[in-house]
Amino acid sequence: MRVFLDHASTTPVRPAAIEALSSALQLVGNPSSVHTSGQGSRAVLEDARDLLANLAGADRNEVVFLSGGTEANNQAIKGLYWASGKRLIISSPTEHHAVLDPILWLQEHEGAEVIWLDVATSGEINLDQLREIVTARKDEIAFISLMWVNNETGVITDIDQVVRIAQGIPVHCDAVAAFGHLPINFKSSGLASMAISGHKFGAPIGVGALFVSRSQKPTPLLHGGSQERSLRSGTMSYPLAAALSAAAQAAMQDREEREAKLGELRDHLEREVQTAFPEVIKTSVGANRIAHTSNLIFPGAQSDSLLFLLDQQGISASSGSACTAGVLAPSHVLTAMGYDPELADCAIRITLGHTTTLSDIESFLNAIKLCYPIALRDGANQKAI
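All values reported here derive from a predicted model rather than from experimental measurement.

Q: Help me understand the overall build of the protein chain, please; the structure alone is not making it clear to me.
A: The number of helices and strands found in the protein chain is 13 helices and twelve strands. A compact globule built from 385 residues would reach a C-alpha radius of gyration of about 21 Å, and the protein chain, at 21 Å, matches this within 12%. By its C-alpha atoms, the protein chain is 70 × 55 × 35 Å across when sized along the principal axes. Relative to all contacts within the protein chain whose residues are 6 or more apart in sequence, the contacts with residues 24 or more apart total 74%.

Q: Please clarify how the pairing of strand 7 (residues 193-197) should be interpreted in this entry.
A: Where a strand is regular, its side chains alternate between the two sheet faces. The element strand 7 is extensively covered by neighbouring structure, given that five of its five residues are classed as buried. Going residue by residue along strand 7, you find S193, A195 and S197 tucked away on one face and M194 and I196 tucked away on the opposite face as well. Examined bridge by bridge, strand 7 and strand 8 (residues 208-212) share five bridges and lie antiparallel to one another. Bridge pairing in strand 8 links I196 to A209.

Q: Whenever I open this one, the packing of aromatic side chains confuses me. Can you help?
A: Each pair of aromatic rings is reported with the distance of its centres and the angle of its planes. For the structure shown, the criterion picks out six aromatic pairs. Consider the rings of F277 and Y372, whose centres lie 4.9 Å apart with planes at 90°: the pair is edge-to-face. Of this pair, F277 sits in the loop between helix 9 (255-276) and strand 9 (281-282) while Y372 sits in helix 13 (residues 358-384), placing them 95 residues apart in sequence. Consider the rings of F298 and Y372, whose centres lie 5.0 Å apart with planes at 75°: the pair is edge-to-face. Placement of the pair is F298 in the loop between strand 10 (293-297) and helix 10 (303-312) and Y372 in helix 13, with a sequence separation of 74 residues. Taking relative accessible area as the criterion, F298 reaches 0% and is therefore assigned buried. The lysine or arginine in question, K78, covers the ring of W105, its NZ or CZ lying 4.7 Å from the ring centre.

Q: Honestly, the sheet that holds strand 7 in this entry has me stumped. Any pointers?
A: With mixed pairing, seven strands are arranged side by side in an open sheet as 2-8-7-6-5-3-4. The open sheet is flanked by strand 2 (63-66) and strand 4 (113-116), the only strands paired with a single partner. Going across the sheet, the axis of each strand differs from the next one's by a mean of 20°, ignoring polarity. Of the strands in this sheet, strand 3 (88-91), strand 4, strand 5 (141-145) and strand 6 (171-174) are in contact with helix 4 (residues 97-109), which crosses strand 4 at around 140°.

Q: Can you help me understand the environment of D59 in this one?
A: Mapped onto the secondary structure, D59 falls in the loop between helix 2 (36-56) and strand 2. C-alpha separation for the pair D59 and I159, spaced 100 residues apart in sequence, amounts to 20 Å. If near-sequence neighbours (up to four positions away) are discounted, D59 is found in contact with A53 and R214. Reaching out from D59, the side chain makes a polar contact with the side chain of R214 at a distance of 3.3 Å.

Q: Looking at this model, I keep getting lost on the nonpolar core. Mind explaining?
A: Side chains of nonpolar character tend, in soluble globular proteins, to be buried together. Membership of the largest hydrophobic core comes to 71 residues, with the highest contact counts inside it found for L52, L130, I144, W148 and F211. L5, L262, I368 and A375 belong to the second-largest nonpolar core, a separate cluster that totals 28 residues.

Q: Looking at this structure, I do not really get helix 3 (residues 69-84). What am I missing?
A: Spacing of three or four residues puts side chains on the same side of an α-helix, whose turn is 3.6 residues. Taking 1.5 Å per residue as the helical rise, helix 3 with its 16 residues ought to reach 22 Å, and the 22 Å between its terminal C-alpha atoms agrees with that figure. Across the 16 residues of helix 3, twelve count as buried, placing the element largely inside the fold. Here helix 3 has its buried residues at G69, E71, A72, N73, N74, Q75, A76, I77, K78, G79, L80 and Y81. Of the residues flanking the end of helix 3, it is G85, one or two places downstream, whose phi is positive at about 75°.

About the cut-offs
- Residues numbered from 1 in each chain as written.
- Predicted model: local features only at pLDDT ≥ 70, side-chain atom pairs only at ≥ 80, totals over all residues.
- Heavy atoms only, no water.
- Helix = DSSP H or I, 4+ residues; strand = E, 2+ residues; numbered from the N terminus.
- Rg over C-alpha atoms; globule rule 2.2 N^0.38 Å.
- Contact = heavy atoms within 4.5 Å.
- Buried < 20%, exposed > 50% of the residue type's maximum accessible area, 1.4 Å probe, protein only.
- Pairing = 2+ DSSP bridges.
- Phe/Tyr/Trp six-rings, centres within 6.5 Å; stacked < 30°, edge-to-face > 60°.
- Lys NZ or Arg CZ within 6 Å of the ring centre and 35° of its normal.
- Axes fitted to C-alpha atoms, helices over the stretch in contact; angles between N-to-C directions.
- Polar contact = N/O pair within 3.5 Å; in protein donor to acceptor, adjacent residues only side chain to side chain.
- Core = buried A, V, L, I, M, F, W, Y, C linked by side-chain atoms within 4.5 Å.
- Expected span 1.5 Å × (residues − 1).

Just distances and angles here, no functional claims.
Quick look at the structure:
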């Protein structure tokens, strides 16, 4: 039986989400239609909106259903920029590519100026630098975009402090790796917008949400119907919306117990790996981290070789974001943190989830003790050629 330790890429669909999806799929009707069938599906959609808003501490009118984190981040970043009339964007080089790429697109195609904040070896963002920039150039800043939890290292950014530093400048947050794992209240956060993706906490792939403060009027990316708060056109998938909200509710209900258990399992894994191989480097030492993520550097063993060997032993892990899998380059997150590219190219990410057990961790430990020496030997042979 395979052991799945790549929950940050996607996590198994929760039973509650399957039930909600199956029930909604039995209905027929376009939610925008005025007849009884259409209004029946509209009721499912709006019930899902109400539930998700309540769980996230948001107003129901602040919830925009869409396809996932990538669309949500693109909509927020481009929409806030176009609506602002300003040119300066502040972000971090350790953001997910769903944030980095639209910002770089705005820089190339729309003339945006971008300031990338410095990142410590721990993975923490330099918020003192952010404060200095806001003080000096507040009137020029279109928005600030920083993720709540880094998807590769698990480092948590103090979003409350970021919003305080911003002094009213719109702050967008990629909360894809945080929602369902940390306590989040959109209203009290003071964020302008926040992106989430359902398959990270137990909904099917293909649905997410963008929370947009009622004070914000970002320019829409898609036109042709204006179904979602005039911000997102397209026929709304009420079955996926129902599944998203059901998964969110399930994730919130067992969050505290689950994260405490996963934190213990992660700490056990890291201790045992470093006991067996003292040379292994645990990234983000000293930083506040999410409980279920471990990022480890195995010096001398390229991540792709090590992951292949682990896969042969029935272990699914990754070297970082699934969006960059197969890209022959070291992690942009680790290099931004100051790690040498050669070391960064030896990192693997182990992420736990609601189905992870102690037996899974023991299976990984047994496999890594077998695979790392082989990967080291292969790496040495490769250099000798």
